[in-house]
Every structure is written in C-alpha cells, then in structure tokens.
Amino acid sequence: MSQLDQLPDRDPAEVAEWLESLDAAVRTGGPHRAAYLLRRMAEHAARTGVDLPRLPETPYVNTIPTAEEPDHPGDADLERRVTAWNRWNAAVMVSRGNQRAGLGGHIATYASAAWLYETGFQHFFRGKEADGSGDQLFLQGHASPGVYARAFLEGRIGADRLDRFRQEAGGDGLPSYPHPRRLPWFWEFPTVSMGLGPLSAIYQARFNRYLEHRGIKDTSRSRVWAFLGDGEMDEPESTAALALAARERLDNLTFVVNCNLQRLDGPVRPNFKIVQELEAQFRAAGWHVVKALWGAAWDGVLARDTTGALVRRLGEVPDAQFQTYATRDAGYVRDHFFGFSGSDPALRALGAELGDAELLELFGASRAGHEPRKVYAAYRAAVEHRGAPTVVLVQTVKGHTLGPGFASRNANHQMKKLTGEEFRALRDLLELPIPDRDLGGGLPPYAHPGEDSPEVRYLRERRAALGGPAPARRVTAAALPEPGPRPFEALAKGSGNQEIATTMAFVRLVKDLMREEGTGRRWVPVVPDEARTFGMESLFPSAGLYSPSGQTYDPVDRDQLLYYREARDGQILNEGITEAGSLASFTAAATSYATHGEPVIPFYIFYSMFGWQRTADQFWALADQLGRGFIIGATAGRTTMTGEGLQHADGHSHLIASTNPAAVAYDPAVAYDPAVAYDPAFAYEVGVIVREGLRRMFGPDAFGSDAFGPDSENVFYYLTVYNEPKAQPPMPPGVEEGILKGLYRYREADGLPAEAPRLQLLSSGTAVHWALDAQRLLADDWGVAADVWSAPSWTELRRDALACDAARLRGAVPGEDRIPYITRALHGAPGPVLAVSDWMRAVPDQIAPWVEQDWTSLGTDGFGLSDTREAARRHFGVDPGSIAVAALDALRRRGEVKPETVREAAERYGVGS
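Summary of the structure given here. (Residues numbered from 1 in each chain as written. Predicted model: local features only at pLDDT ≥ 70, side-chain atom pairs only at ≥ 80, totals over all residues. Heavy atoms only, no water.)

Right, let's talk about the pattern of salt bridges for a bit. Scanning the entire structure with this criterion turns up 55 salt bridges. Across the pair E168 and R182 runs a salt bridge whose closest N-O atoms are separated by 3.7 Å. Residue E168 is found in the loop between α5 (159-162) and α6 (196-213), and its partner R182 is found in the loop between α5 and α6; the two are separated by 14 residues along the sequence. Residue R182 is classed as partly exposed on the basis of its relative accessible area of 43%. Put simply, R908 and D781 hold a salt bridge, and the shortest N to O gap is 3.7 Å. Of this pair, R908 sits in helix α33 (residues 899-909) while D781 sits in helix α28 (residues 767-782), and the two are 127 residues apart along the sequence. (Salt bridge = Lys/Arg side-chain N within 4 Å of Asp/Glu carboxyl O. Helix = DSSP H or I, 4+ residues; strand = E, 2+ residues; numbered from the N terminus. Buried < 20%, exposed > 50% of the residue type's maximum accessible area, 1.4 Å probe, protein only.)

Encoded structure:
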C-alpha cells in the first residue's frame, strides 16, 4: 500500500517500466548502486526544475567537490603564519592565567576552530567603517582567547591586557567571554549562554531586513554570522527558529557549526553521527546545507573508492568510534575501520594500500575545518546562495595542534594549560621563532612578529579592505527628538467616569506616540501573538504587521475597520507563540542604536507570567548587550487574571527583574543598579514613567560624546500593567519626582481627630485601589487614619537605598551620610507602615531595612488559583477587609488598638472564616 495509490495514475505502464529499471539496477549493481543512481536522478531533477521533496541526508562527504572549489584568493603562507601567532598567544594567555591564579579558560575550542575564524576575518567579515553596520558576528564564547589573540596581533589589545584575561576587578581586564557590557568597544553580542546565540542571530538577521523594508536603513550588505558548537545545538533555543529563518528567506544569515564531535564531557553523539542529524534537521527546515568534512588528504582516497564502500563505511561509524580512531595507531585503524568482520573486500583492499603515515594523517587531523581552502569554498557557497539561510557543517578536531594530550580527548574542555614540553612541541609545529630560553620553567611568553612585519601588514590590509576591525561595537547614534506633550497630557487628565485598565492606557499612549512626526516610525512593537488580548488590534490597519512577503491573501476580516493587515513595511512584529523568539526580536531592536547606528524604540508586551519566568536568561543577555527599550508585563499580578489559574498568575516577576543588573551607575561608590522596574497604579504614572524612559534611553543625555561615559544610559524599563478596568484619576500636582523615585503620598487621611490612631499604607499597581478602600473602612468603621501611598517601584527604592549605603560605607561623601529616599519620604510619618501589593511579600519587603517605622507586609504568596478577583484576593488576604484587619493588628501591637477591636473587625469582614 502506498500513499500514492490514492492519486490517479494516467499511465500505470510507464510507472511499471521505471520500477523494472530500478529492480534491474539492484540486481546488477546492488542496492548501494541503485541508491546512487536515485540520488543522481534527484539532483538532475532539481537542476531541471522538477519539484521533488529534498532528501534529508546526503553522503558523509563534502558538499563541494574538490574540482569545484574556488581558488583561494589570499596569501596562503602569510595567512598560515598569522594563524600560527594567534594559536600560540591564545594558548599562552589561558595558560599564564592558570599558572598564576587558576583562573580557568578554554584552549581546545579555538584550537579546533582557528581556521573557521581566520578565513572569515581575512576574506568575509565586513567591518563598520564602510556603512556603519558591517556584518554581525555571533562568535563562540569558548573561542574568545583566539579572538583576543588576533586583536593583540592587530594592535587593538596590548600584552598587558592579555595578562589580565579573566581579571576584571581592577577595571582594565578582559572578560572571559564575549560580554559587551564589560568590553563595550569590542564585543557586540553575548553568546556564551549556549543556545541564545543561534536564536538571537536569526532574529538579528530578520531585524536587519525589517530595517531595510521599513526604509530606516539599507542593510542589504550586512550578513549575520553565527559560530556554534555541535554540542550547543542540543539546546532547544538553538533550533527553535530555524523555520522562521527559512520561511522569511533570510539569505543574509550563515550558521557555522563547528563539528568537532565533542561537547564538554565527551562525544556529542557517541552512538550516532551529529553531522548527519544536523543536516537532516536543517534541510527539513528549509535551509541550504554545506558540509565541509574532509581535508585534502582524503581527496585522492575518496577518488579511489569506485564501489562506494569507503563512503558507506564513513557513514556507518559512530562519532565516538571515529574519535577513537583519531587517538590510536595505524594498525588499529587499519584493522578496525577497513578490516572489520564482514567488511567489503574493496574496503579491505583500499585499507591495505594506505601506509601508516597516511592513515594517521587521514584519521588524526585531515578535516576540512583545518584547511583554509576548504573553509573558503564553504563560506563562498554560503554567501552566494540566494533564497534561504545557509548552515555550514564543518568537521574539525577539538584540541587540534595542541598535541596528543589534547586532540580528540574527552577531557580537553577542562584542560586549561600546557606543559613546557607541550609548548615547545606547539612552537615547533607552528614554526614560530621563539627561542628555547624563553620556554624554560617560567610563564610562557606572548609572541609578536613586529608591528612592521609582513604578517601584521597583511592582517591590517585585509581588515581595511573589508571595512575595518572586527569584532567592534560603536555607538554613533544621535538622540531622538523629544515627543510632544499631548500624548502624556491625555493620561495626566485622567479618564473621568470611563474605566480603563492600565494595559489599555499604555497602548493608547504608544498609539499616540507612534503618530509623532519625529519618532513615531521608530517605535517597534513586539508581540507574542497576544495583541488582541492587550487591546492592540487598533494598530493593525494603521501600523500594519511586518511580513517580508506582504499580504498574499484576502484577510477574513477585510471588511472590518480593524482588519488584520500584513505589509512589507509593517511596523508591528507579531512573533507568534514564542516568548523566546519575541525577546530575541526585541533584543535586536533594542541594540540597533549600536549595531546599525539607528536608534529605534522597541516595546515588548507579553503576559506578565510568561516573560521573565520563561526567558530570564535572555533578559540577562539583553542587559549584557546594553539593550534599551520598554518591557511590558501585561495582565500582571496574581489576582487580576480572573479565572485563569495557577500558571497565568504572576506574583514574582518583579523579584526576577530586581536581580537583573541592567543599568550601570557611574558613581564610583555604586557598583550596579538593578533593572529599572515599575508597577504603576494609574494611567498618569504610566505616562510619567514612559516619558522619563524615553529621555534616559534615547534623549540628548543618553548619547554623550563618550558613549560609555557618565552620560550613557544603558538601561531598559520593565513596567507591569493590569487588565482590571478602573476610573483613572487626574495626576495630582508635584508627584512626578515621587513617581520616578518610587514612592509618593497619594491620599492623606482627613476628617479624623488628631489623636486618632494613625498608620501608613504603601501599595503598588492595582493594590492601590484595595488600599484606598481599606482607608475608607478604617476611617468609617474604626476611626483610624490611614495615609495611602503609591509605590510605583519597590525596586527603585531599594536601588537608591543600596546606593546610599555603598556611598556611606566607601566614604564617597566624606562627613555626610547619604539618606535613602524611602527613609526621607517616610521620616516623621506617624504610626506603623503596612505594605500591600499583588505580588509576593518579598517584593515590598525589599525596602523594609530602610523604613524607620514598624513594618508589616501583605502579598500574594503561593500558587495562583481560578476564581473571581474578589475571591482570589480574599484567599491571599489582600482584599480591603483583610488590609483593614492587618492595619488594626499592627496598631494593636503598638498598644493603640484593643485586641477585641481586631477580633471584631475580622468577624465583620469575614477575614479568617
């Protein structure tokens, strides 16, 4: 039974003839010959335009035949010498750090990938001096020593700085991996959190197209290169967006997967073949795949394989066994690979023809990734391919050139230094003029051929021809004009009797800001398929949803006012159901001011629960990459999502956000600020916060002459907004400073005698409304005066307090104590303090140490649950009645209220029943 049986066959006899021909091929040439003929037929069909499904795998040989390799355009000898110097200094840098201080580091990764990088730096990677963008390089984190070594040869990094590899506390060291925040003139993309590099690279390539299609910048010459390890491809993020890259035909994107067949503890696929697995995965997703597996030593041997026995055997041997071949003697290889039981006589004969030295070269080191001609051919095929992204699967030996103690050994990822004997062997292998006297018993020396040497001149000439140094990060963006006051004034006026949620208030603000003449087109909305949930469908017809294909269909709602409009120049990035992809897209936009010299204003709006919790590691990378923009946790809080239940109830994202060191404070007494996180209660607070965020991130103070000096604000904002409709009040006068600092008194208790018991109610977000209701209960039922404070940012209050403590302890302000804003704001306020929010108690408890008054907090600790808002709030003990009882109990502890009053209040409001 065949799937094709259900389709009409107009000529069964013709089909029968073809099948008979195939049967004859099997009888005369065997199944392998028949398979070869079918593959030939499939290739011919593709060339003649016949639309056939592609085979998921091809034979375990190079994609590009030797006869079709282009001539290598460079000076092969000079490039070999340049690479030799870089190999040496990379190994020395890591070894010196470990001999002196045990600082760790990685040697084997760069040793296997040296030619992958050098071929790119010499012939492909475009710098920024041509058009300000150049190529975007996502480099393997563990290969960073080799990139530093190259920068040393160029003169971009001195030997003294190499000697401070992984020693950053003094302020002039080199970070262990690509960290833009630590070395902001050099690194552009943080990649060592494995899996995030490939995901980010895809969305970076897509964002480059977005900028071009929207007319913001011509990025047609920019190519994104992502260098990955074969073990890294196990991370789900590594392959999460492969279909997106193919679907949007991102031929400006190249993955280079270094298939050295090893991950940190051992083989990547001990019993299988990782190259073949990856080929099938990428080809199925629609990528162009180039395999560069075997070096030139294999060319002649493969040419003698007239029966295909060698290729079949190469495809059969699992990766772990192949690694063993690389470390064993020629006799073992000849017996085990060529002469195994049941082996093809032609294969045994071929093995007998090969000498011991030839076998050791073939199986020990001859890989395409170690030969610049093979690598160049693969890269050329990648950049010349049109209509799809390309992945280059290139085979190498991990620890290549470092000697038998390193090469192909399972433990080489953890090996951090070479012995003196190993350094002498490396020196000899690389043919470097380093005398024996420099390789005595001390630290191995850095080596440099000289500023005017042929190697350095060649290196600099090649980089000049390609547009300047790489990697490099440059900030040349001009500030964006300040938007007019009208959008913010609309929120400041309040909503009158109309009830709107703060989610909708934010969307209305952005919609108005997107109409601004100077900056409107630079807003980049990023949404993970929830735009309608957040009330953003009104943007569909006007802004449009970005699609490189435009709209090739009639939308089902075309006759409606708010129809679903896709466009090639659409402004909204609707990413589908992927928080990881959405944040990768946001990151590309949030760093456009540096990557392309074109600032845009991205905002990423998502279900509050599914942002930080799912993608906190990406937020860390966003902070490292110095991203700027607005993160909006919508439908926030643990009790506002009526009926949604446990996994939809966020009570902790502000805690996660508070751990993110996303803003550098340049006061020498302060180390780092946490992420700028706000939990606004009212629409006018949203307006004040967004306006200040625009000023800090994109205004004239954000881009100083020194992009990394005191004027630079490399921050991003996190705002939580709610889906609970409320009448939005007008903004009281003079509260802007308190909103931004994190606390202001919203409504003072009045109408009660001066001797009445008094306390302070601090609240944030939607909880301010519960506090206001509790204020009325306390006054009307118990004669207690409660001042209600809005606390738009518990984390900003804590940040300020920590900064004050640090300044005081370090003596930054001699003879003067710096008093935290929270302490000053509440100083002299009578009674205890009770803090309440729709978050875990740990969120407001962040500021407790700096509050002089007695402190109590209420919150929504525990899992969420499905019910009405009122029932959920009673369950967590944060409804107005529960707040009133907690307030009375705080006063009881001070002797200002009788115990029976607390019991009576609990009975009246049903608290605890």
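Here we come to the sheet that holds strand β2 (residues 224-229). Pairing is parallel in the open sheet, where 5 strands are placed in the order β1-β2-β3-β5-β4. Pairing within the sheet leaves two strands with one partner each, and these edge strands are β1 (136-138) and β4 (288-292). If you compare each strand with its neighbour and ignore which way they point, the axes differ by 15° on average. Both β4 and strand β5 (residues 390-395) contribute to a ladder of 5 bridges, which runs parallel. The partner of A292 across the bridge, within β5, is V394. Those strands touched by helix α16 (residues 372-384) are β2, β3 (253-259), β4 and β5, and its axis lies near 175° from that of β4. (Pairing = 2+ DSSP bridges. Axes fitted to C-alpha atoms, helices over the stretch in contact; angles between N-to-C directions. Contact = heavy atoms within 4.5 Å.)

This brings us to a nonpolar patch on the surface. Where nonpolar side chains cluster on the molecular surface, the patch consists of L22, V26 and L38 and spans about 220 Å² of accessible area. Structurally, L22 is set in helix α1 (residues 12-47). (Patch = residues over 30% accessible without salt bridge, like charges linked within 9 Å, V, L, I, M, F, W, Y side chains within 5 Å. Areas by Shrake-Rupley, 256 points an atom, 1.4 Å probe, with all protein chains shown as cover.)

The next thing to look at is the nonpolar core. Residues F630 and V690 are the most contacted members of the largest nonpolar core, which totals 78 residues. Looking at which element gives the most residues to this core, the answer is helix α26 (residues 683-698), with 9 residues. Ignoring sequence-local partners within four residues, the contact set of V690 consists of F488, F506, L509, L513, F630 and L719. Among the nonpolar cores identified, the runner-up in size contains 64 residues, and M93, A368, V392 and V456 belong to it. (Core = buried A, V, L, I, M, F, W, Y, C linked by side-chain atoms within 4.5 Å.)

What follows is about the side chain of S238. Relative to the helices and strands, S238 is located in helix α7 (residues 236-239). You can call S238 buried: its relative accessible area is 0%. Setting aside residues no more than four positions away along its own chain, S238 makes contact with G195, P198, E232, M233 and F255.

Quick look at the sheet that holds strand β16 (residues 717-720) now. In sheet architecture, strand pairing relies on hydrogen bonds along the backbone and comes in two forms, parallel and antiparallel. In space, the 6 strands of this open sheet follow the order β10-β7-β11-β12-β16-β15, with parallel pairing throughout. Two strands close off the open sheet at either side, each with one partner strand: β10 (573-574) and β15 (676-678). Contacting β7 (523-527), β10, β11 (601-607) and β12 (630-634), helix α22 (residues 579-590) crosses the sheet at an angle of about 165° to β11.

Moving on to the packing of aromatic side chains. In total, this model carries 51 aromatic pairs according to the counting rule given. Measuring from ring centre to ring centre gives 6.4 Å for W612 and F716, while their planes differ by 25°; the resulting arrangement is stacked. With W612 in helix α24 (residues 612-624) and F716 in the loop between α26 and β16, the pair connects residues that are 104 residues apart, well separated along the chain. Note on F682 and Y684: the rings are 5.4 Å apart at their centroids and 20° apart in plane angle, and the pair reads as stacked. By relative accessible area, which is 1% here, F682 ends up buried. Note on Y684: relative accessible area 1%, which makes it buried. These aromatic residues form a ring-pair network of at least three members: Y60, W294, W298, F322, Y325, Y332, F337, F338 and F363. Across from the ring centre of F610, 5.0 Å away, lies the NZ or CZ of R614, which sits over that ring. (Phe/Tyr/Trp six-rings, centres within 6.5 Å; stacked < 30°, edge-to-face > 60°. Lys NZ or Arg CZ within 6 Å of the ring centre and 35° of its normal.)

Tracing the sequence through the fold places E68 in the loop between α1 and α2 (76-101). We classify E68 as exposed; its relative accessible area is 61%. As for E68 and V94, which are separated by 26 residues in sequence, their C-alpha atoms are 39 Å apart.

Treat this as a map of the structure, not an account of what it does.
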